[in-house]
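# Per-entry structural report
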Amino acid sequence: MMRIGHGFDVHRLVPERDLVLGGVNIPYELGLLGHSDADVLLHAVCDAVLGSLGLGDIGRYFPDTDPTYRGVDSLILLDHVIGLAKNREYVVGNLDVTVVAQRPKLAPYVEEMVANLARACKVTADRINIKATTTEELGYTGRGEGISAHAVVLMIKA
Ligand code: MG
């Protein structure tokens with residue numbers, strides 16, 4: 001039995017915030033704004049996994065009105081979501097992510113992001129793919145106003 005899920009998220013880039021993507025702290029003059037660490041990549045992954053199992057979305061489990069999750073490391077959120085999947089005997093078959101950011105260059109950090117995701121998803125790194133693209137300076141991501149991420153996951157009954 002296989003189930004597929006899709007996730008999409010956007011966060012605004014602002015001064016005086018850390019830029020955290022895929023659990024990696026990336027040096028940049030702006031960071032993503034959000035209640036948690038605003039790791040847009042991990043949020044898209046959480047939504048993809050939740051979506052695949054018909055479990056709604058990340059806001060259902062970690063409401064941004066709950067002070068518990070203020071500044072939380074989104075790897076903790078993903079860990080919880082993977083636990084929900086495990087309870088239903090589903091594991092990640094493969095996961096494919098696209099991050100849309102005009103700047104900074106993400107290629108140097110992709111390997112570490114993949115390692116973080118593999119650890120959180122409890123699978124080997126060959127099941128995880130992360131791509132980064134710009135939008136050729138078009139739209140809100142192109143103007144550097146924010147970063148978005150898309151994720152597609154195939155979950156397999158263990
Ligand atoms: Mg988010």
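Report follows, based on the coordinates. As the structure is a computational prediction, the values presented were derived from the model and not from experiment. (Residues numbered from 1 in each chain as written. Predicted model: local features only at pLDDT ≥ 70, side-chain atom pairs only at ≥ 80, totals over all residues. Heavy atoms only, no water.)

## Overview of the environment of Val24
Along the chain, the position of Val24 falls in strand S3 (residues 24–26). For the pair formed by Val24 and Asp39, sequence separation is 15 residues and the distance between their alpha carbons is 9.0 Å. Those residues in contact with Val24 that sit more than four places away from it in its chain are Leu19, Tyr109, Glu112, Met113 and Asn116. (Helix = DSSP H or I, 4+ residues; strand = E, 2+ residues; numbered from the N terminus. Contact = heavy atoms within 4.5 Å.)

## A look at the coordination of the magnesium ion
Tetrahedral metal sites with four donors have an ideal angle of 109.5 degrees; octahedral sites with six donors have ideal angles of 90 or 180 degrees. Every protein donor of the magnesium ion is listed here as Asp9 (OD), His11 (NE2) and His43 (ND1), and their distances to the metal cover 2.1 to 2.3 Å. The sequence pattern describing where the donors of the magnesium ion fall on their chain is D-x1-H-x31-H. Taken together, the positions of His11 in strand S1 (residues 2–14) and His43 in helix H1 (residues 40–52) put the pair 32 residues apart, joining distant regions of the chain. His43 shares its class with His11; the two are buried. (Donors = N, O, S within 2.8 Å, 3.2 Å for Na, K, Ca; no water. Buried < 20%, exposed > 50% of the residue type's maximum accessible area, 1.4 Å probe, protein only.)

## With respect to the pattern of salt bridges
Considering all chains together, one arrives at three salt bridges under this definition. Asp79 is paired through a salt bridge with Lys122; the nearest N and O atoms lie 3.1 Å apart. In this pair, Asp79 is assigned in helix H3 (residues 74–87) and Lys122 in the loop between helix H4 (110–121) and strand S6 (128–133), connecting sequence segments 43 residues apart. Of the charged contacts in the structure, one is a salt bridge between Arg143 and Glu145, with a shortest N-O distance of 2.7 Å. (Salt bridge = Lys/Arg side-chain N within 4 Å of Asp/Glu carboxyl O.)

## Quick notes on the pairing of strand S7 (residues 146–157)
Note that S1 and S7 share eleven bridges and pair antiparallel. Note on S7: the bridge partner recorded for Asp9 is Ala149. Relative to S7, strand S5 (residues 90–100) is paired through ten bridges, and the arrangement is antiparallel. By the bridge assignment, Thr98 is partnered in S7 with His150. (Pairing = 2+ DSSP bridges.)

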